[in-house]
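# Structure at a glance
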Amino acid sequence: MQGILIVDKPAGWTSFDVIAKMRGVLGTRKLGHSGTLDPMATGVLPVFCGGASKAVDLQLNHDKTYRATLRLGSRTDTGDITGTVLEIRPVTAGEAELKDILPRFVGPQMQVPPMYSAVKINGQPLYKAARQGLTVERKARPIEIYGITYEGSPAPGEYTLTVRCSKGTYIRTLLEDIAQGMGQLGTMSALRRTQAGLFAEADAHTLEEILAAKEAGPDALEGLLLPVERVFEPLPLLKVSPGVVQHLYNGCPTSRYPAPDGRYRVQDEAGQFLGLANITGGVLRVEKLFVERG
C-alpha cells in the first residue's frame with residue numbers, strides 16, 4: 001500500500017504508539033508521520049505509508065491549527081495537567097483580560113521549547129533530561145502565530161482558544177505565556193490538532209474505523225488512504241509524454257522543454273502521478289519519483 005492515512009490520534013497514545021500500531025495494520029514497516037503530538041493531545045496525525053514516506057520531508061505546508069484549553073490558577077512541570085503541580089495562585093483575571101491580551105501574541109516571535117519536549121540538545125531529547133530532574137539551557141527559536149480565536153469558557157477558570165501557527169510552535173508554552181501576560185499562572189488542560197498542513201479533521205479516521213476497515217479487507221483499508229499527490233496539489237501540474245516519462249525514470253534531463261521555469265508535480269498522459277520535477281533554463285529535471293521504474 002502507498003498513500004497517506006490521516007489518523008485521529010486518541011488521548012493517551014504517543015505518536016510512536018500510533019506508528020507501531022499502524023505497522024501491524026498496514027503490514028509494512030515503511031511508515032513516517034508528520035508532526036508529533038503529545039500523549040494527552042488528540043487529532044490530526046498524518047501517517048505516510050510505503051513509498052509515500054518519501055514525501056514527509058517534502059511537504060509544502062507545515063502549518064498547524066489547534067484547539068486548546070487554558071486553565072488558570074496553577075503551573076505544572078510539563079506545562080499541562082498531566083504534570084506535577086509546581087505552584088498554585090488565586091485567579092484574579094478572566095475573559096475580559098484574556099481577550100485584551102490575545103492580539104499581543106499574534107505574529108512572528110521567539111519561543112523557548114519546554115523541557116518536556118522531543119527537541120534534542122547534544123543528541124538527547126529534552127524530556128529525558130526533564131525526567132531526571134535536570135534543566136537544560138535552550139535557545140529560543142523563531143515561530144509565528146497567524147491567529148488566535150477565543151472560543152468560550154467550558155468551565156470556570158478555563159478558556160478555549162483556536163490557534164493557527166507555524167511548525168515548531170509549542171501550544172503549552174504559548175498558553176503559559178498568555179497566562180503570564182494576564183498576571184496569572186496557567187497550564188494546558190486540553191489540546192486537539194484540527195489541521196496539519198493540507199490535512200484536516202474531515203480527512204481523519206479513528207483507530208476503530210481503521211481497524212474495522214482492516215477487518216473488511218485490503219480494498220476497504222486502501223480506500224482510507226489519500227494519494228501522495230495530495231501533498232503537492234499547490235504545485236502547478238505538468239503532464240508529460242511517454243518519451244519524457246522515460247527520461248524522468250532514467251534521471252535524464254529534457255532540454256528545451258516548453259514550459260516556464262519552476263517546480264512541478266508531474267503526471268503521465270493517463271493521469272498517473274509520477275513525482276516532482278524542476279524546470280530551469282528550459283531544462284526539465286526529475287526531483288523525486290513516487291512510482292517504480294516503468
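One structure accompanies this document, and this report is about it.

How each quantity is defined
Residues numbered from 1 in each chain as written. Predicted model: local features only at pLDDT ≥ 70, side-chain atom pairs only at ≥ 80, totals over all residues. Heavy atoms only, no water. Buried < 20%, exposed > 50% of the residue type's maximum accessible area, 1.4 Å probe, protein only. Helix = DSSP H or I, 4+ residues; strand = E, 2+ residues; numbered from the N terminus. Arc of directions from axis to C-beta. Contact = heavy atoms within 4.5 Å. Polar contact = N/O pair within 3.5 Å; in protein donor to acceptor, adjacent residues only side chain to side chain. Phe/Tyr/Trp six-rings, centres within 6.5 Å; stacked < 30°, edge-to-face > 60°. Lys NZ or Arg CZ within 6 Å of the ring centre and 35° of its normal.

### Side note on helix α5 (residues 207–216)
All of the buried residues along α5 are L207, I210 and A213. One face of α5 carries all of its buried residues, which in axial projection span an arc of 125°. The outward face of α5, more than 90 degrees from its buried face, is lined by the exposed residues E208, E215 and A216. On its buried face, α5 sits against β1 (3–9), α1 (15–26) and α6 (218–222). Just downstream of α5, G217 is the residue with a positive phi angle, here 125°.

### Side note on the side chain of Q111
Positionally, Q111 belongs in strand β7 (residues 107–111). Given a relative accessible area of 5%, Q111 falls into the buried group. A distance of 2.9 Å separates a polar side-chain atom of Q111 from the backbone nitrogen of Y170. With near-sequence residues (within four places) excluded, Q111 lies in contact with K139, A140, R141, I143, G168, T169, Y170, T173 and L174.

### What about the packing of aromatic side chains?
Evaluated as defined, the whole model comprises four aromatic pairs. Chaining the aromatic ring pairs together yields one cluster made of F232, F273 and F290. Across from the ring centre of F290, 5.3 Å away, lies the NZ or CZ of K54, which sits over that ring.

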